[in-house]
Amino acid sequence: MKKIINFDTILSTNLYFKENYQSLDNLIAVTAKHQTLGRGRLGRIWEDGDDLLMSILIKEMLDINKIEKISLLIASSIYKVIKKYFHDVTIKWPNDILLNGKKVCGILVESIISDKLECLIIGFGINVNTLKMNDELKDKATSFSIESNKQYSIENIAKEVYETFIDDFSNYKNGSKEYLEICKTNSCLIGKEVSYFSDKEHFAKVIDILENGHILLLEDDGFIEKSSGEVSLHSTFYHKK
Ligand code: BTN
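This structure is a prediction, so every number in the text was calculated from the model and none was measured. (Residues numbered from 1 in each chain as written. Predicted model: local features only at pLDDT ≥ 70, side-chain atom pairs only at ≥ 80, totals over all residues. Heavy atoms only, no water.)

K.L.:
Would you explain the nonpolar core in this entry?
P.N.:
One recurring pattern in soluble globular proteins is that nonpolar side chains are buried together. Residues Ile78, Ile97, Phe124, Ile126 and Phe144 are the most contacted members of the largest nonpolar core, which totals 59 residues. Take this core: its biggest share by element is 10 residues, from helix α2 (residues 67-85). The next biggest cluster of nonpolar side chains, apart from the first, holds 13 residues, and it includes Tyr16, Ile28, Val30 and Ala32. (Core = buried A, V, L, I, M, F, W, Y, C linked by side-chain atoms within 4.5 Å. Buried < 20%, exposed > 50% of the residue type's maximum accessible area, 1.4 Å probe, protein only. Helix = DSSP H or I, 4+ residues; strand = E, 2+ residues; numbered from the N terminus.)

K.L.:
What is the right way to look at the sheet that holds strand β7 (residues 117-126) in this model?
P.N.:
Strand order across the open sheet formed by 7 strands is β1-β2-β3-β7-β6-β5-β4, with mixed pairing between neighbours. The strands lining the two open edges of the sheet, one partner per strand, are β1 (4-10) and β4 (89-92). Pairwise comparison of adjacent strand axes, ignoring direction, gives a mean angle of 20° for this sheet. In this fold α2 packs onto β3 (52-58), β4, β5 (96-99), β6 (102-113) and β7, with an angle of close to 145° to the strand it touches most, β6. (Pairing = 2+ DSSP bridges. Axes fitted to C-alpha atoms, helices over the stretch in contact; angles between N-to-C directions. Contact = heavy atoms within 4.5 Å.)

K.L.:
Where do I start with a nonpolar patch on the surface in this structure?
P.N.:
A cluster of nonpolar side chains, contributed by Ile207, Leu218 and Phe223, occupies part of the molecular surface with about 270 Å² of accessible area. Within the fold, Phe223 resides in strand β11 (residues 222-226). (Patch = residues over 30% accessible without salt bridge, like charges linked within 9 Å, V, L, I, M, F, W, Y side chains within 5 Å. Areas by Shrake-Rupley, 256 points an atom, 1.4 Å probe, with all protein chains shown as cover. Salt bridge = Lys/Arg side-chain N within 4 Å of Asp/Glu carboxyl O.)

K.L.:
How should the site of the ligand be read in this particular structure?
P.N.:
Ser12, Gln35, Arg39, Arg41 and Lys103 are the nearest of the 20 residues found near the ligand. With respect to the ligand, the backbone of Arg39 contributes an N or O atom lying 2.7 Å from a nitrogen atom. Here the ligand loses 98% of its free accessible area of 410 Å² to cover by the protein chains. Looking at the shell around the ligand, the elements with two or more residues in it are α1 (13-20), β3, β6 and β7. Of the residues that constitute the shell around the ligand, the class distribution is 6 nonpolar, 10 polar and 4 charged. (Near = heavy atom within 4 Å. Polar contact = N/O pair within 3.5 Å; in protein donor to acceptor, adjacent residues only side chain to side chain. Nonpolar A, V, L, I, M, F, W, Y, C, P; charged D, E, K, R; others polar.)

K.L.:
Before we go on, may I ask you to explain the packing of α2 against helix α5 (residues 178-185) in this structure?
P.N.:
Two quantities define a packed helix pair, namely the angle between the helix axes and the distance between the axes. Here α2 crosses α5 at 70°, and the two axes come no closer than 9 Å. Taken together, the axes of α2 and α5 lie roughly perpendicular to each other. Handedness of the α2/α5 crossing: left-handed. Contacts between α2 and α5 involve Lys69, Leu72, Leu73, Ala75, Ser76, Tyr79 and Lys80 from the former and Glu178, Tyr179, Leu180, Ile182 and Cys183 from the latter. For the contact of α2 with α5, the per-class residue count stands at 8 nonpolar, 1 polar and 3 charged. (Parallel < 35°, antiparallel > 145°, perpendicular 65-115°, else oblique. Left-handed = near helix turned anticlockwise from the far one by under 90°.)

K.L.:
Sorry, what's going on with the environment of Pro94 here?
P.N.:
Tracing the sequence through the fold places Pro94 in the loop between β4 and β5. Using a relative accessible area of 12% as the deciding quantity, one classes Pro94 as buried. In this structure the C-alpha to C-alpha distance between Pro94 and Asp25, which are 69 residues apart in sequence, comes to 27 Å. Discounting residues that sit within four places of it in the chain, Pro94 has contacts with Arg41, Ser71, Leu72 and Ser228.

K.L.:
Explain the packing of aromatic side chains here, please?
P.N.:
To describe a pair of aromatic rings, one takes the distance between the centres and the angle between the planes. Here the structure, examined in full by the defined rule, presents 10 aromatic pairs. Ring centres 5.7 Å apart and planes at 45° place the aromatic pair Tyr85 and Phe144 in the tilted group. Of this pair, Tyr85 sits in helix α2 while Phe144 is found in helix α3 (residues 144-148), placing the two residues 59 residues apart along the sequence. The exposure class assigned to Phe144 is buried, which follows from its relative accessible area of 0%. In this structure an aromatic cluster arises from ring pairing among Tyr85, Phe86, Phe144 and Tyr152. (Phe/Tyr/Trp six-rings, centres within 6.5 Å; stacked < 30°, edge-to-face > 60°.)

K.L.:
What exactly am I supposed to notice about the environment of Phe223 here?
P.N.:
Classification of Phe223 as exposed rests on a relative accessible area of 58%. Residues Phe223 and Tyr172, spaced 51 residues apart in sequence, show a C-alpha to C-alpha distance of 28 Å. If we skip the residues at most four places from it in the chain, Phe223 touches Ile207, Leu216, Leu217 and Leu218.

K.L.:
I'm lost on the pairing of β7 in this one. Help?
P.N.:
The side chains of a regular strand alternate between both faces of the sheet. Of all 10 residues that make up β7, 10 are buried, and the element is covered over most of its length. Note: β3 against β7, 7 bridges, orientation antiparallel. Among the inter-strand pairings, Leu53 is bridged to a residue of β7, identified as Gly125. The turn joining β6 and β7, which pair antiparallel and follow one another in sequence, is formed by 3 residues.

The structure is reproduced here in structure tokens:
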């Protein structure tokens, strides 16, 4: 059994590893009840609530080209856990899990590079006991409690996600592609029309999620593969399966 370090309040669980990774072991996890500088993708702020805030440190199998696969791997582990509690759970490539069509989890995988890739930091926030989203988020985001009117043990969910990920990471190292199948089968995007901005607005149909973690799109002039760093997909109608 590896280790989970629990904090009451820190700046950010991802930042904690950025500052301390050298002295910490591979596959250690950190959680916090509150973050004062919680960070989301694209420089956004991650709102603080009564939720699971966790990061896992990876110091082996390091390859910058694997970051997108690791994102899918953690998405599939989190998917499996949330699916134990709820029926309508989908994965929105590359970094979100949706519950009843609204975002319930966001994932932020970061890397530290000096001369070489030093470590990967897998951070995620799962909205668990938050009862109310602010006006900006309420149509787009949800929590376990909002969907069920129940409260949950964040500690238990942390343990379940961590243990599931540790197993899945071990299988991944042995060549398992289960995570990719889970991300594809439960994708809320495959088969849907989306748009993204790159010089101009592009419209495309999502065809597949590829083994390298990229997405395969069909546009008017043919198939095109995009990495998660290249596109941010938008649609008003991809939420429901
Ligand atoms: C997203 O933008 O959807 C990704 C959000 C990731 C938030 C989590 S909360 C725990 C970890 N610490 C952070 O500062 N960010 C991640």
